[in-house]
Each structure stands twice: as structure tokens, then as C-alpha cells.
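Notes for the structure review
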Amino acid sequence: MVKRRGNLIIADKMVKPPRTQSEIQSDSIGDPIVAWGDRTSGNYEIYVKRWNGTSWVEMGTGSASGGGASNNLGYSEYPSIATDSAGNPIIVWDDDTSGNWEIYKALCAVSL
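Report on the accompanying structure. (Residues numbered from 1 in each chain as written. Predicted model: local features only at pLDDT ≥ 70, side-chain atom pairs only at ≥ 80, totals over all residues. Heavy atoms only, no water.)

Some words on the nonpolar core
Judged by nonpolar contacts, I33, A35, I46, V48, M59, I81, I91, W93, A106 and C108 together constitute the single largest core of 10 residues. Looking at this core, the elements with two or more residues in it are β4 (32-38), β5 (45-51) and β8 (89-95). (Core = buried A, V, L, I, M, F, W, Y, C linked by side-chain atoms within 4.5 Å. Buried < 20%, exposed > 50% of the residue type's maximum accessible area, 1.4 Å probe, protein only. Helix = DSSP H or I, 4+ residues; strand = E, 2+ residues; numbered from the N terminus.)

Shown next, in the form of C-alpha cells:
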């Protein structure tokens, strides 16, 4: 519920948009990889896609559909992307599935 007090607008609780917190990084050949937080499915999840030169594609089955790369019951937020020594993307995010906020990760093998 939103209340107005003079020029101030006060919300009883924070409402987050369906898509938030995105990150972009280049893969080993320079094509972009994007990870983002999304609650369209009803739960906050992390999704990942890469550009293959003609279109945005999933990085493995389900990385950008269903429950995404996180696919769990907790809040999965604030993705970040790095690459390992072989150039494979590593996606990490904050997650409270265990009941505590922890860092989770997914290694995405890329076939270029």
C-alpha cells in the first residue's frame, strides 16, 4: 500500500519489477553473454543467454527457460559473470535457498 505524506510517497513494502539485476560479459571469442534476475515464473531466478552471431541462445538446456540457471525455491538475485581458464562462463549469484544468503554458481560449457 502506498501512502502520501506531503510531497513524500511512502510504500509499506518494496515492490520489485519482474526483471532486475543484469550483467553482461564477453565469451572467449568476444560474443556477449548476459545473465539477469527475473521473477516472471513467480520466483526470483537467474537466467543466462549468449549471442551466437545471429540470435540469443540458451547456454545449456534451461539456462533461460523454466527455473533458469538457478532453478531453486529461494530468492536468486544479483548475477555476475566471469570466465574460467578455458573461457567457459561461470555465473554466480546471491541465493537464500538454504535459509541464509550464500553465493551459488553455475559453470556453463560453451560450444562455439
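So, next bit.
Quick notes on unusual backbone geometry
Phi angles above zero are rare outside glycine, and N71 is one such case at about 45°. Relative to the elements of secondary structure, N71 occurs in the loop between β6 (56-58) and β7 (76-83). A relative accessible area of 56% places N71 in the exposed class.

Structural notes on the side chain of D27
Here D27 shows up in the loop between β3 (19-26) and β4. Although D27 is buried, it forms no salt bridge, and the closest oppositely charged side chain is R50 at an N-O distance of 4.7 Å. A distance of 3.0 Å separates the side chain of D27 from the backbone nitrogen of I29, its partner in a polar contact. (Lys, Arg positive; Asp, Glu negative; His and termini not counted. Salt bridge = Lys/Arg side-chain N within 4 Å of Asp/Glu carboxyl O. Polar contact = N/O pair within 3.5 Å; in protein donor to acceptor, adjacent residues only side chain to side chain.)

Examining the sheet that holds β7
The strand order across the open sheet built from three strands is β7-β8-β9, with neighbouring strands paired in antiparallel fashion. Because the sheet does not close on itself, it has two edges, and the strands there are β7 and β9 (102-107). Between one strand axis and the next, the sheet turns through 25° on average, direction left out of account. Both β8 and β9 contribute to a ladder of six bridges, which runs antiparallel. Bridged to I90 within β9 is L107. (Pairing = 2+ DSSP bridges. Axes fitted to C-alpha atoms, helices over the stretch in contact; angles between N-to-C directions.)

No statement about biological role is implied by the geometric values presented.
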